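Residue-level structural notes
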Amino acid sequence: MGAGPGLVLASGGALALGVAEWAEHVLGMVPCGLCLWERWPYRLLLVLGLLAAAFPPARRWPLRLCVPVLLAACVLSGVHVGVEQGWWASPLAECQAPVFHGGTFAERLAAMPARPAKPCDAPAYLFDALPLSMTALGGIYALMLLAITMFVLGRDRRTGSR
């Protein structure tokens, strides 16, 4: 059995979060509301992977829970890619430009967000030579992690591991 698959998934979650933080804080890319939502499955994946690694005899249950988490990551990525491509509007209100009605200039200024928002339909590209946005790359990455998880679960079922 071993802790290997759990550590792989925990590392996969940590890597995704690390790349997002690096792009934000080192490259200066501002995340949109959907980008921030897309980080949650990787946080859960990190925790579930650590649980699977910490308790190898019972790793099957945390690994099983990774499947819906990774499916959610794929769905969030798909929704965001659709917004980036203009196929549909963002489901998040914070992805829309703020509308100010009436009031004084000071009231309007006080109602503005502390940090400028990035519109969800503006894709961010990590590599200039690659025509895939960070959102699309994240979806492909989630699919790869899902395939690894399904492989391990299938192998465990065939060998009778718990």
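Residues numbered from 1 in each chain as written. Predicted model: local features only at pLDDT ≥ 70, side-chain atom pairs only at ≥ 80, totals over all residues. Heavy atoms only, no water.

This paragraph deals with helix H6 (residues 134–159). The end-to-end C-alpha distance of H6, which contains 26 residues, comes to 37 Å, matching closely the 38 Å that a straight helix rising 1.5 Å per residue would cover. Here H6 has its buried residues at Thr135, Ala136, Gly139, Tyr141, Ala142, Leu145, Leu146, Thr149, Val152, Leu153, Gly154 and Asp156. Contact partners of the buried residues in H6: helix H1 (4–25), helix H2 (33–38), helix H3 (40–54) and helix H4 (60–84). (Helix = DSSP H or I, 4+ residues; strand = E, 2+ residues; numbered from the N terminus. Expected span 1.5 Å × (residues − 1). Buried < 20%, exposed > 50% of the residue type's maximum accessible area, 1.4 Å probe, protein only. Contact = heavy atoms within 4.5 Å.)

Attention shifts here to the confidence of the model for the protein. Here the protein averages 84 in pLDDT, and 84% of its residues register 70 or above. Mean pLDDT values over the elements of the protein span from 64, in helix H5 (residues 105–111), up to 94, in H3. (pLDDT = per-residue confidence, 0-100.)

All right, on to the packing of H1 against H3 then. Contact geometry for H1 and H3: axes closest at 7 Å, N-to-C directions at 155 degrees. Taken together, the axes of H1 and H3 are roughly antiparallel relative to one another. Crossing handedness for the pair H1 and H3: left-handed. The segment H1 lies against H3, with Gly6, Leu7, Leu9, Ala10, Gly12, Gly13, Ala14, Ala16 and Leu17 engaging Tyr42, Arg43, Leu45, Leu46, Gly49, Leu50, Ala52 and Ala53. Considered class by class, the residues forming the contact of H1 with H3 number 12 nonpolar, 4 polar and 1 charged. (Axes fitted to C-alpha atoms, helices over the stretch in contact; angles between N-to-C directions. Parallel < 35°, antiparallel > 145°, perpendicular 65-115°, else oblique. Left-handed = near helix turned anticlockwise from the far one by under 90°. Nonpolar A, V, L, I, M, F, W, Y, C, P; charged D, E, K, R; others polar.)

In this description, a pair of aromatic rings is defined by centroid distance and the angle of the planes. Inspection of the entire model under this criterion finds 2 aromatic pairs. With a centroid separation of 6.1 Å and an interplanar angle of 40 degrees, the aromatic rings of Tyr42 and Tyr141 are classed as tilted. Here Tyr141 lies in helix H6 and Tyr42 lies in helix H3, a separation of 99 residues in the sequence. The buried category is assigned to Tyr42, whose relative accessible area is 8%. It is Arg43 that lies over the ring of Trp40; its NZ or CZ is 4.5 Å from the centre. Seen from the ring of Trp61, Arg64 lies directly overhead, with NZ or CZ sitting 4.4 Å from the centre. (Phe/Tyr/Trp six-rings, centres within 6.5 Å; stacked < 30°, edge-to-face > 60°. Lys NZ or Arg CZ within 6 Å of the ring centre and 35° of its normal.)

Right, let's get into the nonpolar core. Judged by nonpolar contacts, the single largest core of 20 residues is most densely connected at Leu9, Tyr42, Leu45, Leu63 and Leu145. Elements represented by at least two residues in this core include exactly H1, H3, H4 and H6. When near neighbours in sequence (up to four residues on either side) are disregarded, Leu45 contacts Leu9, Ala10, Gly12, Gly13, Cys66, Val69, Leu70 and Leu145. In terms of nonpolar packing, the next biggest core, distinct from the first, is built from 6 residues, Cys32, Val83, Leu92 and Cys120 among them. (Core = buried A, V, L, I, M, F, W, Y, C linked by side-chain atoms within 4.5 Å.)

Moving on, we come to a nonpolar patch on the surface. Among the surface-exposed residues, Leu15, Val19, Trp22, Val26 and Leu27 lie close enough to one another that they form a single nonpolar patch of about 450 Å² accessible area. With respect to the helices, strands and loops of the structure, Trp22 is situated in helix H1. (Patch = residues over 30% accessible without salt bridge, like charges linked within 9 Å, V, L, I, M, F, W, Y side chains within 5 Å. Areas by Shrake-Rupley, 256 points an atom, 1.4 Å probe, with all protein chains shown as cover. Salt bridge = Lys/Arg side-chain N within 4 Å of Asp/Glu carboxyl O.)

This structure, assessed with the given rule, holds 2 salt bridges. Its salt-bridge partner being Arg39, residue Glu21 comes within 3.1 Å of it at the nearest N-O pair. Placement of the pair is Glu21 in helix H1 and Arg39 in the loop between H2 and H3, with a sequence separation of 18 residues. Given the relative accessible area of 9%, Arg39 is considered buried. A salt bridge links Glu24 to Arg39; the nearest nitrogen and oxygen atoms lie 3.1 Å apart. Taken together, the residues Glu24 in helix H1 and Arg39 in the loop between H2 and H3 connect sequence positions 15 residues apart. This pair shows no difference in class: Glu24 is buried, exactly as Arg39 is. Where salt bridges share partners, they join Glu21, Glu24 and Arg39 into one cluster.

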